[in-house]
Amino acid sequence: MGQVTAELAWNEEVAPGYHLMALVAPEIASAAAPGQFVHVRIGPSYDPLLRRPLSLLRADPQAGKVWMLVKVVGRGTELLTQMEPGMPLDVMGPLGNGFPEPPPSGDLILVAGGVGVAPLIFWAERLQATYPDANVVSLYGAATEEALACWVDLAGRSDEFLVATDDGSAGEQGLVADLLPGYLSSRRIGAVYACGPRAMLAAVVGPCREAGVPCYVAMEQWMGCGVGACLACVVPAAGGGYVRVCTEGPVFPAEAIDWGRLT
Ligand SMILES: Cc1cc2nc3c(=O)[nH]c(=O)nc-3n(C[C@H](O)[C@H](O)[C@H](O)COP(=O)(O)OP(=O)(O)OC[C@H]3O[C@@H](n4cnc5c(N)ncnc54)[C@H](O)[C@@H]3O)c2cc1C
Ligand code: FES
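Conventions adopted
- Residues numbered from 1 in each chain as written.
- Chains lettered and ligands numbered in written order.
- Predicted model: local features only at pLDDT ≥ 70, side-chain atom pairs only at ≥ 80, totals over all residues.
- Heavy atoms only, no water.
- Core = buried A, V, L, I, M, F, W, Y, C linked by side-chain atoms within 4.5 Å.
- Buried < 20%, exposed > 50% of the residue type's maximum accessible area, 1.4 Å probe, protein only.
- Helix = DSSP H or I, 4+ residues; strand = E, 2+ residues; numbered from the N terminus.
- Domains from an automatic or database assignment.
- Contact = heavy atoms within 4.5 Å.
- Salt bridge = Lys/Arg side-chain N within 4 Å of Asp/Glu carboxyl O.
- Near = heavy atom within 4 Å.
- Polar contact = N/O pair within 3.5 Å; in protein donor to acceptor, adjacent residues only side chain to side chain.
- Areas by Shrake-Rupley, 256 points an atom, 1.4 Å probe, with all protein chains shown as cover.
- 1 Å grid on protein atoms, 1.4 Å probe; cavity = no way out; pocket = protein on both sides within 12 Å on 5 of 7 lines; lining within 4 Å.
- Sits in = over half its atoms within 2 Å of the grid points.
- Nonpolar A, V, L, I, M, F, W, Y, C, P; charged D, E, K, R; others polar.
- Buried area = accessible area lost by both parts, 1.4 Å probe.

## Side note on the nonpolar core
Next up, step 1: The biggest cluster of nonpolar side chains holds 38 residues, and the ones touching the most others in it are V111, V192 and V204.
Next up, step 2: For this core, the secondary-structure elements that each account for two or more residues are β7 (88–95), β8 (107–113), β9 (136–142), α5 (180–186), β12 (189–195), α6 (198–211) and β13 (215–218).
Next up, step 3: Among the elements that line this core, the one with the most residues is α6, at five residues.
Next up, step 4: No fewer than three residues from each of domain 1 (2–95) and domain 2 (107–218) sit in this core.
Next up, step 5: Ignoring any residue separated from it by four or fewer positions in sequence, one finds V204 in contact with V111, A177, L180, V192, A194 and C215.
Next up, step 6: Of all hydrophobic cores here, the second largest spans 34 residues; its members include Y18, A112, V117 and A147.

## Looking at the pattern of salt bridges
Next up, step 1: According to the stated counting rule, one finds 10 salt bridges in the structure shown.
Next up, step 2: Linking D90 and R41 is a salt bridge whose minimum nitrogen-to-oxygen distance equals 4.0 Å. With D90 in strand β7 and R41 in the loop between β3 (37–40) and β4 (52–55), the pair connects residues that are 49 residues apart, well separated along the chain. Just as D90 is buried, R41 falls in that class too.

## Some words on the site of ligand 1
Next up, step 1: Taken together, the neighbourhood of ligand 1 is formed by 21 residues, with R52, P53, K71, G76 and T77 sitting nearest.
Next up, step 2: Within the backbone of K71, one N or O atom sits 2.7 Å away from an oxygen atom of ligand 1.
Next up, step 3: Out of a free accessible area of 880 Å², ligand 1 has 76% covered by protein chains.
Next up, step 4: According to the grid-proximity analysis, the pocket containing ligand 1 is the largest pocket.
Next up, step 5: Every element with two or more residues in the shell around ligand 1 is listed here: β4, β6 (65–71) and α2 (75–81).
Next up, step 6: Looking at the shell around ligand 1, the element that brings in the most residues is β4, giving four residues.
Next up, step 7: The class makeup of the residues in the shell around ligand 1 is 12 nonpolar, five polar and four charged.

## Description of the domain arrangement of the chain
Next up, step 1: As assigned here, the chain comprises domain 1 (2–95) and domain 2 (107–218).
Next up, step 2: Domain 1 and domain 2 are separated by 24 Å when their C-alpha centres are compared.
Next up, step 3: Each side of the interface is counted separately: domain 1 has 16 residues, and domain 2 has 16 residues.
Next up, step 4: For the pairing of domain 1 and domain 2, the buried interface totals around 1,400 Å² over both sides, and the portion due to carbon and sulfur atoms is 72%.
Next up, step 5: In terms of surface lost to domain 2, no three residues of domain 1 exceed P34, L57 and R58, which account for 40% of the buried area on that side.
Next up, step 6: At the junction of domain 1 and domain 2, the tally comes to two salt bridges.
Next up, step 7: Between E125 and R58 there is a salt bridge; the shortest N-O distance is 3.2 Å.
Next up, step 8: For the pair domain 1 and domain 2, the interface holds three residue pairs in polar contact (both at pLDDT 80 or more).
Next up, step 9: Secondary-structure elements contributing two or more residues to the side of domain 1 that touches domain 2 are β1 (2–15), β2 (18–24), β5 (58–60) and β6.

Next up, the structure:
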């Protein structure tokens, strides 16, 4: 992990309210693993004061660049996505743990909800490159067809690709988690990896537990320091106590989290 002054190299609105952004940050690009994140200071002023955590969507060590998909939800992401290429950004990373090695056999299912697609695109790319025999099934859900940001990047790195939208404008109408039980009951599944809103994660974890399939979740949580010191990012741990999303995570085995105590 390091702190660098990166240069914003790319900023494109790829879906309404979703920006694909690239940073020139060779140190981060060469060290990054799928599931890890960067902690970005929004501009040179102290407003907003806190950095904002963003997953890595891709790292290209040859080009010295990392990519992120940013959904505008508040002041920090709004200011960030208004920045022009060429501007400097103070970035810490790569942070967090990343996805664990996949099991030697069985299909691998990736479940993405909304902007949660970002780390799963990086993971699918790594699986394709490192485990070419793995059958990667990706399930991607969003509110509407146009909100399926970067779907081509996930589809192109998956052996099978299905989408679900709330309004039925693309793929199945309904929740992406509802696509999962059919696979769990009909295939030999090695592991499930999920990133998205809390409700989606909970809906993925339950069926995996019942089917006895290992499940890993990439959690989002409000953050302060990003390096384990402030405890702003804790979530309840199974068996009592808490775990820090920034250092013990953001990727956890589903059974490490106390889903009942998670608000
Ligand atoms: C490990 C990690 C990886 C992330 N990866 C991405 C990513 O790849 N792309 C992306 O767009 N976002 C990602 N996020 C979420 C992103 O950090 C927040 O959306 C961002 O910090 C919001 O900042 P803001 O100033 O725009 O919004 P704020 O003004 O701070 O908040 C706007 C709204 O969003 C809610 N919110 C803010 N932060 C969070 C959070 N961490 N969890 C849940 N709700 C939140 C607030 O409660 C509020 O309702 C990630 C978060 C974590 C912890
Ligand atoms: S953000 Fe400070 S401990 Fe995790």
